[in-house]
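Results of the structural survey
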Amino acid sequence: MGQPVREYLLTLCVTVAVTYLLTGPVRKFAIAAGAMPEVRARDVHREPTPRLGGIAMFGGLCAGLLVADHLQNLNAVFTASNEPRALLSGAALIWLVGVLDDKFEIDALIKLGAQMIAAGVMVIQGLTILWIPVPFIGTVALTQWQGNLLTVALVVLTINAVNFVDGLDGLAAGMVCITTGAFFLYAYRIWFGYGIEAAAPATLFAAILMGMCLGFLPHNMHPARIFMGDSGSMLIGLVLAASAISITGQVDPDTMALFAGGERNATHAMLPVFIPLVLPLTIIAIPMADLVLAVVRRTWKGQSPFAADRGHLHHRLLELGHSHSRAVLIMYFWSGLIAFGAVAYSVHSTSMWIVLAIAALSALGLVLLLLPRFTPRAPRWAEGLVPPRYRHAERAAEAAARDATGTEPEPARPIAAGVSGVNGATAIGPRSRLPDRRKAGSAR
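Summarised in this report is the structure supplied together with it.

Calculation criteria
Residues numbered from 1 in each chain as written. Predicted model: local features only at pLDDT ≥ 70, side-chain atom pairs only at ≥ 80, totals over all residues. Heavy atoms only, no water. Helix = DSSP H or I, 4+ residues; strand = E, 2+ residues; numbered from the N terminus. Buried < 20%, exposed > 50% of the residue type's maximum accessible area, 1.4 Å probe, protein only. Contact = heavy atoms within 4.5 Å. Areas by Shrake-Rupley, 256 points an atom, 1.4 Å probe, with all protein chains shown as cover. Salt bridge = Lys/Arg side-chain N within 4 Å of Asp/Glu carboxyl O. Phe/Tyr/Trp six-rings, centres within 6.5 Å; stacked < 30°, edge-to-face > 60°.

The next subject is the overall build of the chain. Of regular secondary structure, the chain possesses 17 helices and 2 strands. Across the 444 residues that make up the chain, the buried fraction comes to 52%. The long-range share in the chain, meaning contacts at least 24 apart out of those at least 6 apart in sequence, stands at 77%. On the chain, roughly 19600 Å² of surface is accessible, and the fraction owed to carbon and sulfur atoms is 68%.

Structural data, given as structure tokens:
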């Protein structure tokens, strides 16, 4: 077990390093190229921030695939399957369209068509759903057209779900990284634990996707120095969709039954992937819920489903009174709880402890949602590791200011500077322009 883990760790580290080192030069290039739009009426950040962070993330993807191709255990993924080449082809196309959109803001229909074409490119090269394991029925083989249409729909939905949630500094990259970590554990268990080689490409894709997000996060955390833009959000959405499609539509449940010790155990092991839509819904449940709610909300108001607004889940957290950092951490918490909870339940679906733990953590998450103005304080030995607002010294300074002025200090605005409003409300929606800031309350 040690050697494959070391190779995955090496691939992850190379992807992180390349993405991190490229982000600085890419930021300078974005500023020089003018991919740094002015603050608009619907934006809540105060200073223009460059986009095109997806360029660095695509460089990390290429570096990760290149390194994996030269490693002993991971090289078999490239020789036995065409899926890595299919992923790279689709990723290159969607990344190029994203770069052009970050610079020139291309039409919504063009972006939608590009997403479908990118999915089609992967389908042509073999990255497609072949069958669906259905409970109480068994494995249902799909026709070529059924598999192709389902694959394209899943790719488009996942891309837009990730892009919808890309509204705060570090939110999209962090959520995808957390949920992909859970997905990696699940895919690695199927590949190395059961010896099913068909799960190897999904495991590799998950490791590289984690590296892309981890390398970009230091530059994108609040206050962000660069945004990933559509070139980054659509890219990581496509890689995540490719991982889910690879393990959902390529791993035969009958093979799982042989290695899992029977059909019942195989059913428990394959629980998150009974239906191809279940896995991405589980892994990115929060972004997908945001996508569905946004479409319903905008359609109910008579607007286009791709019209930008300020009704996303992270915006609601800010309106409740949560700070920027806390809103991001709450979204991290729920993403990790759902993703790791689903993976843990698929491993031990008969254990009540897992169900109780998930219920207890869900209750804790609800409490955090209802206490937006509660500011925890770190112990004194950890004050150097946390932001100033969580330190005892900061609390003492606030008390001194109160004593000096006799009034309460003005609370910080719930919507802080640095919210990445230009990251893109949707992957295919146009960026609206409002004439004045008085209408900003109805726009994203």
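We now examine the environment of leucine 74. Within the element layout of this structure, leucine 74 appears in the loop between helix H2 (54-69) and helix H3 (75-80). For the pair leucine 74 and threonine 11, spaced 63 residues apart in the sequence, the C-alpha separation amounts to 9.6 Å.

Here we take up unusual backbone geometry. Proline 223 follows histidine 222 through a cis peptide bond whose omega is -5°. Note that proline 223 resides in the loop between helix H8 (200-220) and helix H9 (229-250). Of note, glutamate 105 is a non-glycine position whose phi angle comes to about 55°, a positive value. Within the secondary structure layout, glutamate 105 lies in the loop between helix H4 (83-104) and helix H5 (108-124). Residue glutamate 105 is classed as partly exposed on the basis of its relative accessible area of 24%.

Our next topic: the pattern of salt bridges. If you walk through the whole model with that rule in mind, you get 2 salt bridges. Among the ionic pairs, aspartate 101 bridges to lysine 111, the shortest N-O distance being 3.4 Å. You can see aspartate 101 sitting in helix H4 and its partner lysine 111 sitting in helix H5, a full 10 residues away along the chain. For the pair shown, aspartate 101 and lysine 111 are each scored as buried. Residues lysine 111 and aspartate 230 are paired through a salt bridge, measuring 3.4 Å at the closest nitrogen-oxygen approach. Taken together, the residues lysine 111 in helix H5 and aspartate 230 in helix H9 connect sequence positions 119 residues apart. A relative accessible area of 1% means that lysine 111 is categorised as buried. Salt bridges here are not isolated pairs; linked through shared partners, they connect Asp101, Lys111 and Asp230.

Using the criterion set out here, one finds 7 aromatic pairs in the structure. With a centroid separation of 5.4 Å and 80° between ring planes, the pair formed by tyrosine 8 and phenylalanine 184 is classed as edge-to-face. Here tyrosine 8, found in helix H1 (residues 2-33), pairs with phenylalanine 184, found in helix H7 (residues 171-194); they are 176 residues apart in sequence, far enough to count as distant. In this pair, the class of tyrosine 8 matches that of phenylalanine 184, namely buried. Relative to tryptophan 191, the ring of tyrosine 188 has its centre 5.9 Å away and its plane inclined at 75°; by these criteria the two rings are edge-to-face. Taken together, the positions of tyrosine 188 and tryptophan 191, both in helix H7 and 3 residues apart, correspond to about one turn of that helix. Of the residues examined, tyrosine 188 reaches a relative accessible area of 9% and is grouped as buried. Connected via pairs of aromatic rings, a cluster forms that spans Tyr8, Phe184, Tyr188 and Trp191.

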